[in-house]
Amino acid sequence: QVQLVESGGGLVQPGGSLRLSCAASGSIFKIYAMGWFRQAPGKQRELVASITSGGSTNYANSVKGRFTISRDNAKNTVYLQMNSLKPEDTAVYYCNADAATWQGRSPDYWGQGTQVTVSS
């Protein structure tokens, strides 16, 4: 199995920055795409950003130009640098991985979530 552990959430003022990290561990053969999703109260979970093992990235329109996703393949870690944060970015942020173990490949590995609150 694959375990994902997130860190870096917290309370920040509008216009501020936060950096989220997510480290994957377990019996991993290969990690394909990794990504960040978020879920605000009363809303569906939505994709924020994703990155392939080769470094290709994809962003939600609402975060383009403000958020940057990156990964360190040697450390099985993905990062989300969030700048110019807005109150509407407030949500629980979840790390996701598409990974292969001895049991096969699955796109449904999730972290426990980390709260990001943007408020003055």
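Anything mentioned here points back to the structure above.
Calculation rules
- Residues numbered from 1 in each chain as written.
- Predicted model: local features only at pLDDT ≥ 70, side-chain atom pairs only at ≥ 80, totals over all residues.
- Heavy atoms only, no water.
- Pairing = 2+ DSSP bridges.
- Helix = DSSP H or I, 4+ residues; strand = E, 2+ residues; numbered from the N terminus.
- Phe/Tyr/Trp six-rings, centres within 6.5 Å; stacked < 30°, edge-to-face > 60°.
- Buried < 20%, exposed > 50% of the residue type's maximum accessible area, 1.4 Å probe, protein only.
- Contact = heavy atoms within 4.5 Å.

Trainee: It is not clear to me how the pairing of strand β10 (residues 104-110) should be interpreted in this structure. Could you clarify?
Mentor: On any regular strand, side chains alternate: one points to one face of the sheet, the next to the other face. In the sheet, strand β9 (residues 91-101) pairs with β10 via five bridges, with the strands oriented antiparallel. Looking at β10, one finds that A99 is bridged to S106. Taking the residues between adjacent antiparallel strands as the criterion, β9 and β10 are bridged by two residues.

Trainee: It is not clear to me how the packing of aromatic side chains should be interpreted in this structure. Could you clarify?
Mentor: For any pair of aromatic rings, the description rests on two quantities: the centre-to-centre distance and the angle between the ring planes. Enumeration over the complete set of coordinates arrives at one aromatic pair. Arranged with centres 5.0 Å apart and planes meeting at 65°, the rings of F37 and W110 form a pair that is edge-to-face. Of the two residues, F37 sits in strand β4 (residues 30-39) while W110 sits in strand β10, which places them 73 residues apart along the sequence. On the basis of relative accessible area, W110 is assigned to the partly exposed category, the value being 33%.

Trainee: Help me understand the environment of K30 in this model?
Mentor: For K30, the position within the fold is in strand β4. For the pair K30 and S53, spaced 23 residues apart in sequence, the C-alpha to C-alpha distance is 9.0 Å. The residues contacting K30, other than those within four sequence positions of it, are S53, D98, A99 and A100.

Trainee: I tried to follow the pairing of β4 on my own but got confused; where do I start?
Mentor: Note: β4 against β9, eight bridges, orientation antiparallel. Paired with K30 across the bridge in β9 is A100. Pairing of β4 with strand β5 (residues 46-51), which is carried by five bridges, proceeds in the antiparallel orientation. If you follow M34 over to β5, its bridge partner there is I51. Here β4 folds back onto β5 in antiparallel fashion, the turn holding six residues, of which G42 has a positive phi close to 80°.

None of this, on its own, says anything about what the molecule does.
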